[in-house]
Amino acid sequence: MKLDSATSIDYVLIALAAAAAAGLGSLGFGLGGIGGAALAALISAALSSAGLYLWRLRGQKRSRDGQKAALPSRTELSPDRLDALTGLANMNGLYAWFEENAGTLVRDKKAIVVMAADLANFAELRRSRGEELANAVLKEAAKRVGTFIGDNGIAARIDGEEFAAIATIVPSRSLEFAAEQAGKLAEMLQRPVELPSGVIWIGGSVGVATGSPLKGPAVLERARLALKQAKQIGRGHYFVDSKTDD
């Protein structure tokens, strides 16, 4: 286990406290008498408590530092940033996420992967099966899209049956990761939706782009253009924009 300098100092202090406690205990009993033993025991307990306090204090500091360093898993969504039907962010929430988290991501040397996805023939589904069933399908699609954002990303419903999933990644792996995730999401959207009224096969397409967190809206636009390319190829396909904004 690799220790930082502050942690090493704490362990040294704790070890010294324990050694001093043991030594003073022996000294007290060597002096003889109840008074000497009691004094040594009292000092020993105080030093041991001091060592324990240092250990706990350091642990609390590490916890606070970890909380400061961690990027929130998603922006707190106020009503103007929330898509009420799916519980995902709306476009306002997505742009707010870009603005609020770009600086932290850049400091952490992270890139963003933006996937845009939409459902195939959704307008026809709404006309033929009704609003309630269509909304149930949207909610299920939103759940599936939301599984692709990792610990620090965000998912959004950006236009009708169109969704976005934003994940963070080390730039050196961004295009490889983007293609892998886009393929998985495209496959997941082909899976049937099981509803009380029956099974619905939806399908969809995915476009993906990567780039700098400082250019979030531009990366999103490139992902949406990639989505158009995927739709031209056909339902169930995905397309990767190979450009970068890093």
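Residues numbered from 1 in each chain as written. Predicted model: local features only at pLDDT ≥ 70, side-chain atom pairs only at ≥ 80, totals over all residues. Heavy atoms only, no water.

1. Regarding the overall build of the protein chain
The criterion, for reference: Segments assigned H or I by DSSP are reported as helices when at least four residues long, segments assigned E as strands when at least two residues long, and all are numbered from the N terminus. By definition, residues are in contact when any of their heavy atoms lie within 4.5 Å. For accessible areas, the Shrake-Rupley method is used with a probe of radius 1.4 Å. Any residue's cover is judged against the shown protein chains and nothing else.
In terms of helices and strands, the protein chain carries seven helices and seven strands. When the helices and strands of the protein chain are listed from N to C terminus, the series reads α-α-α-β-α-α-β-β-α-β-β-β-α-β. Sequence-distant contacts in the protein chain: of pairs separated by 6 or more residues, those separated by 24 or more amount to 68%. Counting only carbon and sulfur atoms, one obtains 58% of the accessible surface of the protein chain, whose full area is about 13400 Å².

2. Some thoughts on the pairing of strand 1 (residues 111–119)
Using the following cut-off: Between buried and exposed lies partly exposed: a residue is buried under 20% and exposed over 50% of the maximum accessible area for its type, with that area taken using a 1.4 Å probe on protein chains only. Strand pairing requires that DSSP identify at least two bridges connecting the strands.
Counting buried positions along strand 1 gives nine out of nine residues, so the element sits mostly inside the fold. Side chains Ala111, Val113, Met115, Ala117 and Leu119 of strand 1 all project onto a buried face; the interleaved residues Ile112, Val114, Ala116 and Asp118 project onto the opposite face, where all are buried too. When strand 1 meets strand 6 (residues 204–211), the two strands line up antiparallel, connected through eight bridges. From the neighbouring strand, alanine 116 faces strand 6, where its bridge partner is glycine 207.

3. Focus on unusual backbone geometry
Non-glycine residue lysine 109 carries a positive phi angle of around 60°. One non-glycine residue, asparagine 121, lies in positive phi territory at about 50°. Along the polypeptide, asparagine 121 turns up in the loop between strand 1 and helix 4 (122–129). Residue asparagine 121 is classed as exposed on the basis of its relative accessible area of 55%.

4. Remarks on the pattern of salt bridges
Our working rule: Definition used for salt bridges: Asp or Glu carboxyl oxygen within 4 Å of a side-chain nitrogen of Lys or Arg.
The tally for this structure, following the rule as stated, stands at 12 salt bridges. Arginine 173 serves as the salt-bridge partner of glutamate 180, at 3.8 Å between the closest nitrogen and oxygen. The salt bridge involving lysine 184 is made with glutamate 180; its shortest N-O contact spans 3.8 Å. Taken together, the residues span about one helical turn, with lysine 184 and glutamate 180 both in helix 6 (residues 174–189) at a distance of four residues. For lysine 184, a relative accessible area of 45% corresponds to the partly exposed category. In this structure glutamate 180 comes out as partly exposed when scored by relative accessible area, which is 35%. Through salt bridges with shared partners, one network takes in Arg173, Glu176, Glu180 and Lys184.

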